[in-house]
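Structural characterization, general
The chain contents come next:
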Amino acid sequence: MVDRRNVVVAMSGGVDSSVAAALLVEAGYAVTGMMLRLWIEPGLEAHNRCCTPDAMAEARRVANRLGIPFYVVDVKNAFREIVVEGLLRGYSQGITPNPCLLCNRHIRWGILLENALNMGADCLATGHYARLRRYADGTIELYRGMDDNKDQSYVLSVLDQSQLARTMLPVGEYSKQEVRQLAHSYGLTVAERAESQDLCFLAGQDYREFLARHAPETVRPGAIVDRAGKVLGRHSGLANYTIGQRKGLGVASQLPLYVLEIRMEENELVVGEENELGHRRLIAEQVNWISGKMPASSFHACVKVRYRSPLHQAMVFPIGSDQAEVEFDAPVRGITPGQRAVFYYNNQVMGGGMISSGYD
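Anyway, here's the lowdown on the structure attached to this text.

Broken down by element type, the protein chain carries 7 helices and 17 strands. In terms of C-alpha radius of gyration, the protein chain reaches 22 Å, essentially the compact-globule figure of 21 Å for 360 residues. Oriented by its inertia axes, the alpha-carbon framework of the protein chain measures out at about 65 × 50 × 35 Å. Split into buried and exposed, the 360 residues of the protein chain put 52% on the buried side. For the protein chain, the exposed surface amounts to about 16300 Å²; the carbon and sulfur share of it is 47%. Across the protein chain, the centroid of the 38 positively charged side chains sits 3 Å from that of the 40 negatively charged ones.

Take a look at the structure:
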């Protein structure tokens, strides 16, 4: 760990951030717990997965157990403007965004980190499963976590060198099972706390219900067509579908059909057979190179096209300072505009950018 003594830990009331705080206290750091109060629709506050009264109480109990100060930072307005509006804007444009990336870049490593530094902290620590490697010249490299099943380096690929320089990831060297065992050994009541799988601000509701209320234009019914433009049926709203989806299309066909393309301007859902799925190439925009420098040449990499997607072998061709073309060794399904392509080399995160298109 870095030789800095004052650390703010982003706490959520979950086991990962709690153990991160405990490890730092044990290592002799001066630790402060800090929790974000995020936006939730009026009337649904008690169901917000990230900052319910119960989660806040759990985080405070952990802080008391560890003997560290604990504060809550209200970021409701910024979260609404940046993350929630970003989600709505993306679906309105016919893309499928990942709001967790916006939250990490602008809320956790934006507002929360700024608050931490303003109160005298040297670093912000989180419970993400990823690892950092630091060099004497100040360069920092980002790596996948030791637990392949829990690796969260994908969502940290938005961070730059200045943010990583102020970051600590104490649980990145552990597996989830080991983290739970550590929580028991520290006597933390969150040791077996269940993980949240949904977007925090959805409060357990289906995202389509949320979109219907806040971006009704994304759920307008329209035509389902094939590549040739033949109308096969009606869709219930483009936001209800994603590239590669098979179930729930409501189209009668002798062979299974899959979502191939979402055409927002025409309000059309393009479907086709399995052999029409997959692309050999994609273009990524707004690429963040972790080193802060664009690679001098193309390189071979393993590429994720979604947070939970497998790693795919590919060549990455940098274009200008913030674009890249990715050419896969074999066609890849699920390449979806709005999602993030992240490039790995020997478990090191080289960078990543938003997918603008996939093609052959």
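Here we take up the side chain of D16. Structurally, D16 is set in helix α1 (residues 15–26). Relative accessible area serves as the criterion here: at 14%, D16 is assigned to the buried category. Polar contacts involving the side chain of D16 include one to the side chain of Y129, which spans 2.7 Å. Ignoring anything within four residues of it in the chain, the contact list for D16 reads G127, Y129, V171, K176, V179 and E195.

Moving on to the nonpolar core. As a rule of thumb, nonpolar side chains are buried together in soluble globular proteins. Of all hydrophobic cores here, the largest spans 47 residues; its most connected members are F79, I107, L156, F201 and F210. Of all elements in the fold, only β1 (6–10), β2 (30–37), α3 (76–92), α4 (99–118), β6 (140–144), α7 (207–214) and β16 (340–345) reach the threshold of two or more residues within this core. With residues near it in sequence (within four places) discarded, L156 still touches N104, W109, H128, A130, L142 and L169. Y29, A55, I68 and M168 belong to the second largest nonpolar core, which has 33 residues in total.

Bringing the sheet that holds strand β4 (residues 123–125) into the picture now. Judged by pairing direction, the sheet is parallel, and its 5 strands sit side by side in the order β3-β2-β1-β4-β7 without closing on themselves. In the strand order of this sheet, the two ends are held by β3 (70–74) and β7 (167–168), each with one partner. Bridge analysis of β1 against β2 gives 5 bridges, and the strand direction is parallel. When the bridges of β2 are listed, V8 appears paired with T32.

Our focus in this paragraph is the sheet that holds strand β8 (residues 222–225). Strand pairing in a sheet takes place through backbone hydrogen bonds and is either antiparallel or parallel in direction. Pairing within the open sheet is mixed, and its 4 strands lie in the order β9-β8-β11-β10. Two strands lie at the open edges of the sheet, namely β9 (231–235) and β10 (258–263), each paired on one side alone. Strand-to-strand twist of the sheet, defined as the mean angle between neighbouring strand axes without regard to direction, takes the value 30 degrees. Across 4 bridges, β8 lies against β9 in antiparallel orientation. Residue pairing for β9: I224 is matched across the bridge by G233.

Here S153 lies in the loop between β6 and α5 (161–164). Taking the relative accessible area as the measure of exposure, S153 reaches 0% and is therefore buried. Separated by 3.0 Å, the side chains of S153 and Y344 make a polar contact. With residues up to four places along the chain from it excluded, the contact list for S153 reads Y129, A130, L142, Y143, R144, Y344 and V349.

Basis of the calculations
Residues numbered from 1 in each chain as written. Predicted model: local features only at pLDDT ≥ 70, side-chain atom pairs only at ≥ 80, totals over all residues. Heavy atoms only, no water. Helix = DSSP H or I, 4+ residues; strand = E, 2+ residues; numbered from the N terminus. Rg over C-alpha atoms; globule rule 2.2 N^0.38 Å. Buried < 20%, exposed > 50% of the residue type's maximum accessible area, 1.4 Å probe, protein only. Areas by Shrake-Rupley, 256 points an atom, 1.4 Å probe, with all protein chains shown as cover. Lys, Arg positive; Asp, Glu negative; His and termini not counted. Charge placed at Lys NZ, Arg CZ, Asp CG, Glu CD. Polar contact = N/O pair within 3.5 Å; in protein donor to acceptor, adjacent residues only side chain to side chain. Contact = heavy atoms within 4.5 Å. Core = buried A, V, L, I, M, F, W, Y, C linked by side-chain atoms within 4.5 Å. Pairing = 2+ DSSP bridges. Axes fitted to C-alpha atoms, helices over the stretch in contact; angles between N-to-C directions.

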